[in-house]
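Structure assessment
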Amino acid sequence: MKHANVALFVPHNGCPHQCSFCNQRSITGHTAQPVPQDVLRAVRVAKASLGERTKHAEIAFFGGSFTALDRGYMVSLLEAAFPFVKDGTFSGIRISTRPDAIDEEVLLLLRRYGVTVIELGAQSMDDRVLAMNERGHTAEQVGKASSLIKQYNFTLGLQMMTGLYGDTAEGAVRTARKIANLRPENVRIYPTLILRGTELGRKYTAGEFQTLSLEETVSLCASLLDFFESRHINVIRLGLHGSPELEQNLLSGPWHPAFRQLCESRRMLERMKARLQGGHVPHGDAAVLVNPKNISTAIGQKKENIRLLEQIGYRVRILPDASVPEGGFTIYGLKE
Ligand code: SF4
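Report on the accompanying structure. Quick caveat, the model's predicted, so the values are computed rather than measured.

1. Here we look at the overall build of the protein chain
The secondary structure content of the protein chain amounts to 13 helices and twelve strands. Expressed as lengths along the three principal axes of its C-alpha atoms, the size of the protein chain is roughly 75 × 50 × 40 Å.

2. Observations regarding unusual backbone geometry
Trans is the common state for peptide bonds, and a negative phi is the common state for residues other than glycine. Of note in this structure, Glu 134 is not a glycine but carries a positive phi near 55 degrees. Mapped onto the elements, Glu 134 comes out in the loop between α5 (127–132) and α6 (139–151). For Lys 302, which is not a glycine, the phi torsion comes out positive at approximately 50 degrees. Along the chain, the position of Lys 302 falls in the loop between α12 (295–299) and α13 (304–311).

3. What about the environment of Ser 213?
Structurally, Ser 213 is set in the loop between α8 (199–205) and α9 (214–230). A tally of 13 C-beta atoms within 10 Å means that Ser 213 is categorised as partly exposed. Considered as a pair, Ser 213 and Gly 163 are 50 residues apart in the sequence and their alpha carbons are 8.8 Å apart.

4. A word on the sheet that holds strand β8 (residues 234–238)
In space, the seven strands of this open sheet follow the order β1-β2-β3-β4-β5-β6-β8, with parallel pairing throughout. Because the sheet does not close on itself, it has two edges, and the strands there are β1 (5–9) and β8. Strand after strand, the sheet turns through a mean of 20 degrees between neighbouring axes, direction not considered. Pairing of strand β4 (residues 115–123) with strand β5 (residues 155–162), which is carried by six bridges, proceeds in the parallel orientation. From the neighbouring strand, Gly 121 faces β5, where its bridge partner is Gln 159. Along the sheet face, helix α7 (residues 169–181) touches β4, β5 and β6 (186–191) and points at about 175 degrees away from the line of β5.

5. Quick notes on the sheet that holds strand β11 (residues 314–320)
With mixed pairing, the three strands of this open sheet are ordered in space as β11-β10-β12. The strands lining the two open edges of the sheet, one partner per strand, are β11 and β12 (329–334). Going from strand to strand, the sheet's axes swing by 25 degrees on average, the running direction of each strand aside. As defined by bridge partners, strand β10 (residues 284–290) adjoins β12 across six bridges and the pair is classed as antiparallel. Its bridge partner lying in β12, Ala 287 is registered against Tyr 332. The strands touched by helix α11 (residues 259–278) within the sheet are β10, β11 and β12, with β12 carrying the most contacts at an inclination of about 45 degrees.

Criteria and cut-off values
- Residues numbered from 1 in each chain as written.
- Predicted model: local features only at pLDDT ≥ 70, side-chain atom pairs only at ≥ 80, totals over all residues.
- Helix = DSSP H or I, 4+ residues; strand = E, 2+ residues; numbered from the N terminus.
- Buried ≥ 20, exposed ≤ 12 C-beta atoms within 10 Å, placed from the backbone.
- Pairing = 2+ DSSP bridges.
- Axes fitted to C-alpha atoms, helices over the stretch in contact; angles between N-to-C directions.
- Contact = placed C-beta atoms within 7 Å.

Structure (structure tokens):
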């Protein structure tokens, strides 16, 4: 069953820092701080639209640093949400926060109010990159907070970014390895976008910074996706959600509305190339059988994969075959 979250956004509330890349108001498209009545309203709407499916959904507080909120305000939101977890209407509560806003006392409080999943914004595991982007915490703090979260039996999610100020593609791969070693159940990967009203926006306008291109980011994120899945870590998000505010405030960066699809297509392309070249399939016509659900992933946006395979000497036809498992493929070299 498809997982659903009932998401409430607490933009910037609770943040003791102003990270170089962050303008939560344009990222989330939300400016108002939710109050307990908003939680009740969101739950009512979710029950009306999801029906019984809410049993598999979480009430999620995203967008700020939940555990750094004013304690009374944080508890008021949890108190509004908790009865719906207690009576089984929802499966739990999910929050996102900063690594330096986690300690045993707050974890006990979160557990008491039915929080099940904690996502930490790690962003990088390189202290130099963290400092250059004004994160205000270290990689060691990410490690300590992650261990504590697991020790208290919460589901751990970690978020990382690519293309940060002072980072490189190789640096992002090192971050991914360190994140995987912390054994999160899931990760989110966010390419850096340069937004108006941020320090990176100022640096970009002054000609001091440019992030990775869309092409570089797709190639990097396709390999990160492969890496995390090879370590049995679910990549639950690749790229920011679109919103009119985001598009209005975007100065530069690898934004694409179907970013994950681009990454999955690229990964399929790399696998097809490796199989064709590594398996010594002679240049010429080839047929690739894929699960019907993966046809557009295999073909690529605007038939990009077909075109790129042609450039290395293969005229490929992608054909549906329901017996091929999702994500896999079978290749036949076609002789005249
Ligand atoms: S990235 Fe997170 S911690 Fe940094 S300013 Fe934005 S919401 Fe706050």
